[in-house]
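Tertiary structure, described
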Amino acid sequence: MKKTALMLLLTLSMSASAIELCTVVMDTNSKSTVYWQGSCSSRFSPASTFKVPLAVMGYDGGFLNSCTEPPLDYQAGKIDWGGAAWKERTGPERWMRLSVVWYSLRIAVAIGPGRLHRYARGCQDGHA
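This write-up is about the structure you can find in this document. What you see is a predicted model; the values in this text were computed from it and never measured.

Scanning the protein chain for helices and strands turns up five helices and two strands. N-terminal to C-terminal, the α/β element order of the protein chain is α-β-β-α-α-α-α. The buried share of the protein chain, taken over its 128 residues, is 27%. In the protein chain, the proportion of contacts linking residues at least 24 apart, taken out of those at least 6 apart, comes to 47%. Working note: accessible area of the protein chain is about 8300 Å², and carbon and sulfur atoms make up 57% of it.

This is the structure in structure tokens:
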């Protein structure tokens, strides 16, 4: 993973406003724990954790350029069950903070099904 992609991922994930139940970051080379926070001995639903690898995929795939680029406008008729907040212009930071599903879908469409599948399989995190 590119160093800049990792920095973007950390910046985006730190800006999320959801309650942190458990976060564990592992160094895949040394198999050591880099960060451990929260109640990690309990089981929790992964909720919207796929945004984190999707952010890396979007950056590596050339769709995401920074924490603010690209900002996208809501398109009428798209997923809006997040209320009025989801109908506002949204960039990467806002997408992560508010879990704006339509923005996730726009990233996935831009990456394309083939690359998205390859990226997801490469994560080996159970999503693919």
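The next thing to look at is the pairing of strand β2 (residues 32-38). Relative to β2, strand β1 (residues 22-27) is paired through six bridges, and the arrangement is antiparallel. In the sheet register, aspartate 27 faces β2, and the bridge partner there is serine 32. Counted between consecutive antiparallel strands, the loop separating β1 from β2 contains four residues, among which lysine 31 sits at a positive phi close to 65°.

Here we take up the environment of leucine 21. On the secondary structure map, leucine 21 appears in the loop between α1 (3-14) and β1. For the pair leucine 21 and arginine 43, spaced 22 residues apart in sequence, the C-alpha to C-alpha distance is 9.6 Å.

So, about the packing of aromatic side chains. How two aromatic rings sit relative to each other is given by the distance of their centres and the angle of their planes. A full pass over the atoms with the stated rule returns five aromatic pairs. Members of the aromatic cluster, each reached through a chain of ring pairs, are Phe63, Tyr74, Trp95, Trp102 and Tyr103.

What counts, and where the lines are drawn
Residues numbered from 1 in each chain as written. Predicted model: local features only at pLDDT ≥ 70, side-chain atom pairs only at ≥ 80, totals over all residues. Heavy atoms only, no water. Helix = DSSP H or I, 4+ residues; strand = E, 2+ residues; numbered from the N terminus. Buried < 20%, exposed > 50% of the residue type's maximum accessible area, 1.4 Å probe, protein only. Contact = heavy atoms within 4.5 Å. Areas by Shrake-Rupley, 256 points an atom, 1.4 Å probe, with all protein chains shown as cover. Pairing = 2+ DSSP bridges. Phe/Tyr/Trp six-rings, centres within 6.5 Å; stacked < 30°, edge-to-face > 60°.

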